[in-house]
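# Observations on the model geometry
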There are 2 protein chains.
Amino acid sequence: MRQSQLFTKTRKEAPADEVAKNARLLTRAGFIYKEMAGVYSMLPLGLRTLNRINAIVRGEMTAIGAVELLMSVMQSKELWEKTNRWDDAVVDNWFKTKLKAGGEVGLGFTQEEPMTRIVQGQVSSYVDLPRLLYHIQWKYRNEERAKSGMLRGREFLMKDLYSFARTDAEHQQLYQSVADAYERIFNRLGIGNRTFKTFASGGVFSKYSHEYQCLADVGEDTIFVHPGKKIAINREVLVPEVLADLGVERSELEEHAAIEVGNIFSLGTRFSEPLGLSYTAEDGASHPVIMGSYGFGSTRMLGVLAEVFGDEKGLVWPVAVAPFMVHLVDVSGGALEKKSFADALYTDLTQAGIEVLYDDRDARAGEKFADSDLIGIPFRIIVGKQTIPEQVEVVRRTDGGTMIFNRSQLLDQATYAA
Amino acid sequence: MRQSQLFTKTRKEAPADEVAKNARLLTRAGFIYKEMAGVYSMLPLGLRTLNRINAIVRGEMTAIGAVELLMSVMQSKELWEKTNRWDDAVVDNWFKTKLKAGGEVGLGFTQEEPMTRIVQGQVSSYVDLPRLLYHIQWKYRNEERAKSGMLRGREFLMKDLYSFARTDAEHQQLYQSVADAYERIFNRLGIGNRTFKTFASGGVFSKYSHEYQCLADVGEDTIFVHPGKKIAINREVLVPEVLADLGVERSELEEHAAIEVGNIFSLGTRFSEPLGLSYTAEDGASHPVIMGSYGFGSTRMLGVLAEVFGDEKGLVWPVAVAPFMVHLVDVSGGALEKKSFADALYTDLTQAGIEVLYDDRDARAGEKFADSDLIGIPFRIIVGKQTIPEQVEVVRRTDGGTMIFNRSQLLDQATYAA
C-alpha cells in the first residue's frame, strides 16, 4: 500500500489524557482512535494488525478441531437469569439497555449462556460429543475506570472458546489441547519466552484454573515465577498447600508484574445443568455435559505487543503480526531514476506476495525515518540518492541491524518469506 | 470439512414463532440461531456464507481505492449532540446504555459522526483528499417489531462507506465509482438482474438519493420499474416532476415489491460543518469537506439470498457465496471400497483448493439427500454403491441437472474452478 493512500498520519505528541504507553504509541502511530475512555476505533494499521493476531488464533483453533461461529452481542435476560448471572448484584459490569418493544437486554461480556443454549439444541447423544466451539466477538464491560488503553477496555475484541465433553477424562484432554494451542499462539506472537501459564484459583469443579500471564512492568497482576521449572503461581493461590502441590519452595520464586493474556477454566456442569445440556450415553443413561471456557483478548494483545516491544522510538511489531512486512522508504528526494527504481521495487515485492507499505510521500527524509520508527514495521528498505540495484539496504526495526542485498537477492528472499 | 465435525444438524420444522421464509430456511438448515426477536447468532455455515458476502464487498471496495478501518459500536453522546442526532425525539431507534462512571452512551446504528471526527484529525489540506473509507461493523436499531428474520434486525452487520471530496464534481465522481462498485457486487452475488438502482428522495444537498432494490415478494418497499430503460423509482418520489426528469411515463412503469439492499446518499456538508471538517485549498482558503455515505447490509443480504433463491426443498446458494462449493455425499452404505473412494475424493478436492462439505455421517441416503437440498451447496457429488471412478455424478442444486465426469476430469475441473 502506498503511504499516500493510507489516510492516517503520525502525531508527534500523544493526547494529554492518555497515560498508558500502549495507547500513546498506538495513537501517535495512527493505529487506533480513542472514541471515549476504554473505547477505541481501529484505524487501518490497527485493523490490519488485529486481523493478523486473529488469523494466528484462528489457525491454532482450527488445528485442534475447533469450529468457528459468531454469537450475538445482545443477550437475553431470561437466559442469564437461569444461571443467576443477570442480577447486577451478582455480575456488576453489565451494560444493559431497554427494548422499545418492552424488556431489557444485556451486552455480552462473555458467552457461556448463549453457547450452552445453542449446543443444547444440537447435542443429544454421546456421538455428538466432544466439541470445541469458538467465536471472536466484541465484548462489553462496564468498567468503573478505563485508563490502560487497549489493556482493559469497555469495548474489546475477544476470542472465547468453549469445550463440551462427556467425561472428566475427555474434558482434561480437551483442556490440555487448548493449553498446547495457547502455548503455540504466544510463541508465534513472539511473547512465548515471557508468558507463563500460571496456577490460579479454580472453582467448584476444579482446584485450579490457569491464566497466561505476560511479564510487563505495567501489568495489574502479580505472579510468582519459578525460573527453572517454568512454573508460575498467581498471588491469590500463593499458599503452602499450592507450593506443596507444585513441588516448589517460596524462596525459589521471583515476583513479577504481569498482564493476563489468556485464561482457561474448567466449568464442570455449572452451565450445562441449569440450561439442560445433557447427552444420552451408550447405555441409555442421561448425563450433564462437562464444559470448559478459554479466553484470549485480541485487542488486549494489540496493547500488550505495543507495551512489551515498543521502545523510545515507537512500536516494534513481531513479523507474525506486523501490519506490513516491509516499509519501503523513498528518500531519494524525487530524482526520477531513483523514484522509478522504488516504484519497480514496490511492484516486484508486492507481486512476490510481500505486504509493503511504500512511503511515496513528498516529505523530508528525517520525517520519513521518524514515522517509520514510530510505525514499527519489521524491515525497512531505503531508496536514497545513492541507492543502486546492486546495493539495497534492509534495516531491521528490532535492533537497527542492516543487511545489503542486490535487487535479485532481495526478491529471492522476499519470495521465500512470502 | 467433514459433516460429522460440523456440529449443527438440520431441523425438519422451523420454530413456530418464525414467520419469514429466510429465517425459517436458515434456521432449519443450521445457518443461524435466534437469540431473541431481531437478534441472531451465526452458526458455522451462516458465518462462512456471511464471510463470503463480506469478501466480495471488500474486494470491490479495495478496487475503488477505499480503505478499511473499524469504528467502535459505542457512541459518544457529546459527539452526536453536535449534529443534533442524539435526542430520541430526532432519532427514535437508538439503543442507549449508562456508564457506571456516569453518563450515557449509544450503540451505533450508522457512523457518520465518528467517521467525520476521525477524518477531521487526519485531513487538513487539499492534498489529503479525496478519501473513501469504510468499515464492516455490527449495528443496532431499536426496532418496535422484528419479524422479517435477517431482513430487518435489531442487531445486524453492515458495510458503511463514507466519501470525502473537495468539490461537488469530485463528490459526483466518487459517488459514481461507488455506484459502479455496487452494480458489480450485486452481479457477483447473483442478483444483478433483479436489483434496480432506484431514485429516492434526496435531502438538502441533492435532489435524489439512490437505493438498490432487489425484487422480492416479501419486500417492504414498492418500486416502479421501467423494464426497457432499467430505471426504477421509489414510491415516495413517484410524482410528475420526477417522471419528467427521467423521461418516463407512469403507464410504462411496473409496480413491484422489493427489498432495499443498499443505499447511496450525498451528505453535502451536513456533518462536516457541525464537526469542523474542512480543508485548506491551494489558494489558502478553507472549505468544508463534501461527504457521501453508502450502505450495504451484509446480514440482510444473507436473508435476501435465502428469500429469492430458496425453493420448496431448501436454500440455493450462488456459487460466489456458498459456504462450500461441493457437497460430497457418501451413500454407499459403508462398503469399504466406496468409503475409501469417497475419502480419497475428499482429500483430492480439498487439496485442489475446493471447499468441500463431506457428508461422512452414518445416516440413511434419503436423509442425506434431504439435508443436502436444505443446505443448498451448489454442486453435489454422490458416491453410491455403484459409483466407479469412471463415472462420478455431479448434481447442480439450482435445477437438479447432472453431469458425469471420470475422476481425473473432475479434479481437472476442480483445479480450474479453484
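All of these numbers come straight from a predicted model, not from anything done at the bench. (Residues numbered from 1 in each chain as written. Chains lettered and ligands numbered in written order. Predicted model: local features only at pLDDT ≥ 70, side-chain atom pairs only at ≥ 80, totals over all residues. Heavy atoms only, no water.)

### Quick notes on the interface of chain A and chain B
It is common to give the size of an interface as the accessible area that goes away when the parts come together. Residue-level contacts link 53 residues of chain A with 53 residues of chain B. Between chain A and chain B, roughly 5000 Å² of surface is buried when both sides are summed, and carbon and sulfur atoms account for 58% of that area. Among the residues chain A hides against chain B, the three largest losses belong to Phe7, Lys100 and Gln122 of chain A. Together they make up 16% of the total. Summed over the shared surface of chain A and chain B, the result is six salt bridges. In this structure, Asp128 of chain B and Lys9 of chain A form a salt bridge, with 2.8 Å as the shortest nitrogen-oxygen distance. Across the contact surface, chain A and chain B share 26 residue pairs in polar contact (both at pLDDT 80 or more). The element contributing the most residues to the side of chain A that touches chain B is strand β7 (residues 131–140) of chain A, with five residues. Partitioning the side of chain A that touches chain B into residue classes produces 28 nonpolar, twelve polar and 13 charged. (Contact = heavy atoms within 4.5 Å. Buried area = accessible area lost by both parts, 1.4 Å probe. Salt bridge = Lys/Arg side-chain N within 4 Å of Asp/Glu carboxyl O. Polar contact = N/O pair within 3.5 Å; in protein donor to acceptor, adjacent residues only side chain to side chain. Helix = DSSP H or I, 4+ residues; strand = E, 2+ residues; numbered from the N terminus. Nonpolar A, V, L, I, M, F, W, Y, C, P; charged D, E, K, R; others polar.)

### A few points about the relation of the copies chain A and chain B
The transform that puts chain A on chain B rotates by 180° and translates by 0.0 Å along the axis, for an RMSD of 0.0 Å. Interpreted geometrically, this transformation is the action of a two-fold axis. Minimal C-alpha separation from the rotation axis in chain A is found for Thr97 of chain A, amounting to 2.6 Å. An overlap of 100% is found between the interface residues of chain A and their copies at the interface of chain B, pointing to a shared contact surface. (Least-squares fit on C-alpha atoms with pLDDT ≥ 70 in both.)

### Some details on the sheet that holds strand β5 (residues 95–98) of chain A
Residues and elements named next belong to chain A. The strand order across the open sheet built from three strands is β4-β6-β5, with neighbouring strands paired in antiparallel fashion. Two strands in the sheet have a free side with no partner beyond their single neighbour: β4 (74–76) and β5. Here the strands of the sheet are splayed against their neighbours by 40° on average, with no regard to which way each runs. As judged from the four bridges shared by β5 and strand β6 (residues 104–107), these two strands associate in the antiparallel manner. The partner of Thr97 across the bridge, within β6, is Val105. (Pairing = 2+ DSSP bridges. Axes fitted to C-alpha atoms, helices over the stretch in contact; angles between N-to-C directions.)

### Details of the packing of aromatic side chains
Scanning the entire structure with this criterion turns up 24 aromatic pairs over all chains. Ring centres 5.1 Å apart and planes at 50° place the aromatic pair Trp86 of chain B and Trp94 of chain B in the tilted group. Taken together, Trp80, Trp86, Trp94 and Phe109 of chain A form an aromatic cluster joined through their ring pairs. Across the ring face of Trp86 of chain A, the terminal group of Lys96 of chain A is positioned such that the distance to the ring centre comes to 4.2 Å. (Phe/Tyr/Trp six-rings, centres within 6.5 Å; stacked < 30°, edge-to-face > 60°. Lys NZ or Arg CZ within 6 Å of the ring centre and 35° of its normal.)

### Some words on the pattern of salt bridges
Scanning the entire structure with this criterion turns up 62 salt bridges over all chains. In this structure, Asp92 of chain A engages Lys100 of chain B in a salt bridge whose closest nitrogen and oxygen atoms are separated by 3.8 Å. With Asp92 of chain A in the loop between α3 (77–81) and β5 and Lys100 of chain B in the loop between β5 (95–98) and β6 (104–107), this residue pair bridges two chains. Judged by its relative accessible area of 35%, Lys100 of chain B falls in the partly exposed class. (Buried < 20%, exposed > 50% of the residue type's maximum accessible area, 1.4 Å probe, protein only.)

### A word on the sheet that holds β5 of chain B
Sheets are built from strands paired through backbone hydrogen bonds, the pairs being either parallel or antiparallel. Residues and elements named next belong to chain B. If you trace the three strands from one edge of the open sheet to the other, you get β4-β6-β5, paired in antiparallel fashion. Looking along the sheet, the strands with just one partner apiece sit at the ends: β4 (74–76) and β5. Each strand axis lies, on average, 40° off the axis of its neighbour in the sheet, ignoring direction.

### Thoughts on helix α7 (residues 298–309) of chain B
Residue and element names in this part refer to chain B. In this model α7 runs 16 Å from its N-terminal to its C-terminal C-alpha over twelve residues, within 8% of the 16 Å that 1.5 Å per residue would give. Here α7 lies mainly inside the structure; ten of its twelve residues are buried. Looking only at α7, the buried set comprises Ser298, Thr299, Met301, Leu302, Gly303, Val304, Leu305, Ala306, Glu307 and Val308. (Expected span 1.5 Å × (residues − 1).)

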